[in-house]
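As a plain string of letters, each chain reads:
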Amino acid sequence: MKPLVSVIIPAYNVEKYIGETLKSVFNQTFKDFEIVVVNDGSKDNTLHVAREILNDSGFPFKIVDQVNRGVSVARNVGMENSVGRYIKFLDGDDRLVPNAIETLVNAIQKCGCGLVYGGQDVAALSGKVIQRYEDMYKQEWIYANYEKAIKEFLISKVYISVNSCLIDRELIDKFGLRFVPGAKYSEDTEFIMKVIYYSNNVSYVGQSICLATNRPNSTTKIATLSAFHNAGSMKRLKRFFEAKGEYEIVEILERYSIPSSYAWSLGSLAYNGYPYRKWIKIAKNRTIRQYIKKFDIPFENKTNFHKQLLMAKSIYMFSPTLAYVVMRIARTLYNTKQ
């Protein structure tokens, strides 16, 4: 008999964390699942650690070992090697709360949506929660149609993490949905947006589902120009929704999402220590500056996250150099809290 849920875990150099990740799956109140770990060419002992733990778990599992091809391909490979009715993604250094899968399964079977989700909190390496979902986002509804959900996701009123949702495989297979190979940033947002669009309706379960671990040495904390893949994902979404005739969504992408993706990319480079002389040349690029200049948050009830974005924009428009210094100070202060 096929398991109801497939838990797909892409893993790259997470030997220190994969054990806690797997333990959080084993400890679920819901047990009808399989685990698919895709080792994406790890250079450490991730593969050995995962295999040893899974062999002793008593749960059905599959391990796919491949050369490093990136997280998008790893997730795609995981889907292709899984058989569950519902897909649950979980990164190899993150953790589920004990009732996560049970809560999500109950919700998706009740509402008949193609996607249901909960909040994602952020934890330090020590396990201490340093950001709670409800403190960062204005989640004001339980059910929403695709248009409302996408618009509020795009303007950062809500956040739907690939780790915090459950997706109906039938929807994925029907529309051939996959992560874009080679995309390193916002590839998850791009995928989830398309799932929401085809789902027609989505549901929020009213609680946080997972803990995302903030790791200073993770691939997303390395200062490389691939940070601008974030903007690439938003531009691909713009083309997708233009083709669907969803012009209100396209306008939000143009006014908010694409400009904020450039701002995030610049901020990420500064935050993670990209050399100042190289960074300032990028920061003064006319196209990037024009995008950030027109960045706007089109509603009054702003979250702390929105306020931080607007402050960062103001500092950048006043002085890119000052913006760089502020981001470097922010990184130093953040590290002291870990």
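Residues numbered from 1 in each chain as written. Predicted model: local features only at pLDDT ≥ 70, side-chain atom pairs only at ≥ 80, totals over all residues. Heavy atoms only, no water.

Draft legend 1. Just the overall build of the protein chain, in detail. Scanning the protein chain for helices and strands turns up 14 helices and ten strands. Computed over the C-alpha atoms, the radius of gyration of the protein chain is 20 Å, within 12% of the 20 Å expected from 2.2 N^0.38 for a compact globule of 338 residues. Across its three principal axes, the protein chain shows a C-alpha extent of roughly 60 × 45 × 35 Å. Looking at the protein chain as a whole, 55% of its 338 residues qualify as buried. Partitioning the contacts of the protein chain with sequence separation of at least 6, the portion at a separation of at least 24 is 80%. Taken as a whole, the protein chain presents about 15400 Å² of accessible surface, with 51% of it coming from carbon and sulfur. Here the protein chain contributes 46 positive and 33 negative side-chain charges, whose respective centroids are spaced 8 Å apart. (Helix = DSSP H or I, 4+ residues; strand = E, 2+ residues; numbered from the N terminus. Rg over C-alpha atoms; globule rule 2.2 N^0.38 Å. Buried < 20%, exposed > 50% of the residue type's maximum accessible area, 1.4 Å probe, protein only. Contact = heavy atoms within 4.5 Å. Areas by Shrake-Rupley, 256 points an atom, 1.4 Å probe, with all protein chains shown as cover. Lys, Arg positive; Asp, Glu negative; His and termini not counted. Charge placed at Lys NZ, Arg CZ, Asp CG, Glu CD.)

Draft legend 2. Region of interest: the packing of helix α6 (residues 146-154) against helix α10 (residues 247-271). At a minimum axis separation of 10 Å, α6 and α10 run at an interaxial angle of 10 degrees. Considering the angle they form, α6 stands roughly parallel to α10. Counting all contacts with α6, which are made through Glu147, Ile150, Lys151 and Leu154, the residues of α10 involved are Glu248, Ile249, Ile252, Leu253, Tyr256 and Ser257. (Axes fitted to C-alpha atoms, helices over the stretch in contact; angles between N-to-C directions. Parallel < 35°, antiparallel > 145°, perpendicular 65-115°, else oblique.)

Draft legend 3. Region of interest: the packing of helix α1 (residues 18-26) against helix α2 (residues 46-55). At a minimum axis distance of 10 Å, the contact between α1 and α2 shows a crossing angle of 25 degrees. With respect to each other, α1 and α2 are oriented roughly parallel. The handedness of the crossing between α1 and α2 comes out as right-handed. Where α1 abuts α2, its residues Ile18, Gly19, Leu22 and Phe26 lie against Val49, Ala50, Ile53 and Leu54. (Left-handed = near helix turned anticlockwise from the far one by under 90°.)

Draft legend 4. How the structure looks around the nonpolar core. Of all hydrophobic cores here, the largest spans 71 residues; its most connected members are Leu115, Phe191, Ile192, Ile196 and Trp279. With ten residues, the single largest contributor to this core is α10. Of all hydrophobic cores here, the second largest spans 34 residues; its members include Tyr17, Phe30, Leu90 and Val116. (Core = buried A, V, L, I, M, F, W, Y, C linked by side-chain atoms within 4.5 Å.)

Draft legend 5. Spatial organisation of the environment of Ile315. For Ile315, the position within the fold is in helix α13 (residues 304-318). In the structure, Ile315 is positioned 34 residues away from Lys281 in sequence and 17 Å away in space, judged by C-alpha atoms. Every residue in contact with Ile315, bar those within four places of it in the chain, is listed here: Pro320, Leu322, Ala323 and Val326.

Draft legend 6. Broad picture of helix α4 (residues 100-111). When the terminal C-alpha atoms of α4 are compared, their 17 Å separation across twelve residues agrees well with the 16 Å that a helix rising 1.5 Å per residue should span. Those residues of α4 that fall on the buried side of the exposure criterion are Ala100, Ile101, Thr103, Leu104, Val105, Ala107 and Ile108. Backbone geometry just after α4 places Gly112 at a positive phi near 70 degrees. (Expected span 1.5 Å × (residues − 1).)

Draft legend 7. Looking closely at the side chain of Ser161. Here Ser161 lies in the loop between α6 and β9 (165-168). Residue classification places Ser161 among the buried residues on the basis of a relative accessible area of 2%.

Draft legend 8. Geometry of the pairing of strand β2 (residues 33-40). Burial of β2 is extensive: eight of the eight residues sit out of reach of the surface. Burial of the side chains of β2 extends over both faces: Phe33, Ile35, Val37 and Asn39 are buried on one face and Glu34, Val36, Val38 and Asp40 on the other. By the bridge criterion, seven bridges tie strand β1 (residues 5-11) to β2 in an arrangement that is parallel. Bridge pairing in β2 links Ser6 to Glu34. Relative to strand β3 (residues 61-66), β2 runs parallel, the two sharing six bridges. Note on β3: the bridge partner recorded for Asn39 is Asp65. (Pairing = 2+ DSSP bridges.)

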